[in-house]
Structures are given as C-alpha cells and as structure tokens.
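Working through the structure, step by step
This is what each chain is made of:
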Amino acid sequence: MRVPGRRARLSRLVCFSASHRLHSPSLSDEENLKVFGKCNNPNGHGHNYKVINGISSFSFFCLQEAIMKPLDHKNLDLDVPYFASVVSTTENVAVYIWANLQKFLPRGVLYKVKVYETDNNIVVYKGE
C-alpha cells in the first residue's frame with residue numbers, strides 16, 4: 001500500500017578498491033604538495049570505496065558494468081581514461097559513477113550517488 005505524499009527509494013551498496021594520486025598538471029609539484037598533501041604521493045595511495053546508489057529500481061548488471069568493471073582494482077589515473085584529464089578526487093569519482101550509471105539506466109531512475117572514500121570522507125552527487 002502506498003502512503004500519499006511519501007516515497008521510499010531503494011539503494012544498493014557496492015564496494016571497490018582502487019588507487020590514485022591527487023595531482024593537477026596545471027599546478028607545480030610544490031603547489032600540488034601544498035594543496036593535496038600526502039595524497040599527492042608520487043606512487044599514489046589506495047582506498048576501499050563504498051558506493052551507495054539511489055536507484056528507483058536496479059539491475060546488478062548495470063552496477064557491474066558502470067562501477068566494478070571500470071574501477072575495481074584499478075589505478076584511477078592510469079587505467080580509467082576519464083581521469084587522464086580530471087583529478088581523481090572523490091567528488092570527481094562520484095560524477096564519473098553518475099555518468100556511467102546513466103548509460104545503463106532509463107532517464108530519471110537514478111537520483112543520487114553517495115561515495116565513501118573513508119568512513120569520514122563522503123560525497124553525495126545528485127547530477128547537479
């Protein structure tokens with residue numbers, strides 16, 4: 001039974017592991033270090049990302065194709081073409097996931113992507 005004025009939405013959690021380096025080619029090495037600190041390590045660093053997808057109805061296939069295949073156990077900067085020209089911040093990872101999911105879902109089905117880089121660093125993107 002549907003209660004007027006209320007709507008529950010289903011979310012799905014997926015996890016992937018990836019490495020990256022926060023580094024902007026438009027900044028000098030010194031500026032990158034100042035802006036990104038230890039996350040600018042030349043050898044990169046890794047995260048176990050958690051992604052909560054707010055999808056009205058979902059298909060496991062689309063999550064595999066849009067998130068797991070391109071991102072899991074990858075170096076975001078070297079293995080994902082999108083990040084060749086975009087700094088691989090969690091904000092930009094959320095935008096990437098949103099755009100990738102949109103390729104597999106009907107318009108209007110996806111309403112948010114929530115990416116946990118750590119338990120304390122969380123990004124919510126609603127396609128804005």
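The structure we're discussing is the one just above.
This is a predicted model, so every value here is computed, not measured.

**Thoughts on the layout of surface pockets**
- Volume-wise, the largest pocket comes out at about 160 Å³.
- In terms of lining, the largest pocket is formed by R21, H23, P25, D77, F83, A84, S85, V86, V87 and S88.
- Partitioning the lining of the largest pocket into residue classes produces 5 nonpolar, 3 polar and 2 charged.

**Some points on the nonpolar core**
- In terms of nonpolar packing, the biggest core is built from 28 residues, with F16, I67, I97 and L101 touching the most fellow members.
- Among the secondary structure elements, those contributing two or more residues to this core are β1 (11–20), β2 (45–55), α2 (60–71), α4 (90–102), β4 (110–116) and β5 (122–125).
- In this structure F16 touches H47, N48, Y49, V51, I67, M68, L71, D72, V93 and I97, once residues within four positions along its chain are discounted.

**What about the packing of aromatic side chains?**
- Evaluated as defined, the whole model comprises 5 aromatic pairs.
- Ring geometry for Y82 against F83: centres 5.0 Å apart, planes inclined by 90°, an arrangement best described as edge-to-face.
- Judged by its relative accessible area of 31%, Y82 falls in the partly exposed class.
- Judged by relative accessible area, which is 4%, F83 ranks as buried.
- Note on F83 and Y96: the rings are 5.6 Å apart at their centroids and 45° apart in plane angle, and the pair reads as tilted. Highlighted residues: F83 in the loop between α3 (76–79) and α4 and Y96 in helix α4, separated in sequence by 13 residues.
- Look at Y96 and you get buried, because its relative accessible area is 11%.
- Feature note: the residues Y82, F83 and Y96 constitute an aromatic cluster, connected by ring pairs.

**Notes on the pattern of salt bridges**
- Following the criterion strictly, the structure yields 2 salt bridges and no others.
- One salt bridge connects K50 with D119, and the closest N-O pair in it is separated by 4.0 Å. Of this pair, K50 sits in strand β2 while D119 sits in the loop between β4 and β5; the two residues are 69 residues apart in sequence, bridging distant segments of the chain.

**Regarding the side chain of H20**
- By the secondary structure assignment, H20 is in strand β1.
- Given a relative accessible area of 1%, H20 falls into the buried group.
- Within polar-contact distance, the side chain of H20 engages the backbone oxygen of S88 at 2.8 Å.

**Describing α4**
- Over its 13 residues, α4 extends 18 Å from the first C-alpha to the last, a length consistent with the 18 Å expected when each residue adds 1.5 Å.
- Those residues of α4 lying buried are T90, V93, A94, Y96, I97, W98, N100 and L101.

**A few points about the pairing of β1**
- In this structure, β1 lies alongside β2, joined through 10 bridges in antiparallel fashion. By the bridge assignment for β2, F16 is matched with Y49.
- Sheet analysis places β1 next to strand β3 (residues 74–75), joined by 2 bridges and oriented parallel. Across the sheet, A18 pairs through a bridge with K74, a residue of β3.

Reading the values: rules and limits
- Here the residue index of a chain counts from 1 through its sequence in written order.
- Local features are withheld for residues below a pLDDT of 70 in this predicted model, meaning they are given only at 70 or higher, and side-chain atom pairs are given and counted only at 80 or more; totals for whole chains, interfaces and linings count all residues.
- Values shown for side chains rest on all heavy atoms present in the structure; no hydrogens or waters enter the calculation.
- Residues are said to line a cavity or pocket when one of their atoms sits within 4 Å of a point; the points come from a 1 Å grid over protein atoms alone, cavities being sets where a 1.4 Å probe fits but cannot get out and pockets being open sets with protein on both sides within 12 Å along at least five of seven lines.
- Grid points are joined across faces, edges and corners, and a volume is the space filled by probe spheres set on the points.
- Polarity classes work like this: nonpolar for Ala, Val, Leu, Ile, Met, Phe, Trp, Tyr, Cys and Pro, charged for Asp, Glu, Lys and Arg, and polar for all others, with Gly in that last group.
- We define the nonpolar core as a collection of buried residues of types Ala, Val, Leu, Ile, Met, Phe, Trp, Tyr and Cys that are connected through side-chain atoms lying within 4.5 Å of one another.
- Relative accessible area decides the class of each residue, using a 1.4 Å probe on protein chains only: under 20% of the type maximum gives buried, over 50% gives exposed, and in between gives partly exposed.
- Runs of H or I in DSSP of at least four residues are treated as helices and runs of E of at least two as strands, each being numbered from the N terminus.
- Contact between two residues is taken to exist if any of their heavy atoms lie within 4.5 Å; hydrogens are not considered.
- Working definition: a ring pair exists when centres of Phe, Tyr or Trp rings (six-membered ring for Trp) sit within 6.5 Å. Plane angles under 30 degrees give stacked, over 60 give edge-to-face, the rest tilted.
- Put simply, a salt bridge is a Lys or Arg side-chain nitrogen that is within 4 Å of an Asp or Glu carboxyl oxygen.
- Definition of a polar contact: a pair of N or O atoms within 3.5 Å, with one able to donate and the other able to accept a hydrogen when the atoms are protein atoms, and with sequence-neighbouring residues admitted only if both atoms are side-chain atoms.
- Expected span, for any helix, means 1.5 Å times one less than how many residues it has.
- Note on pairing: two strands pair once DSSP finds at least 2 bridges between them.

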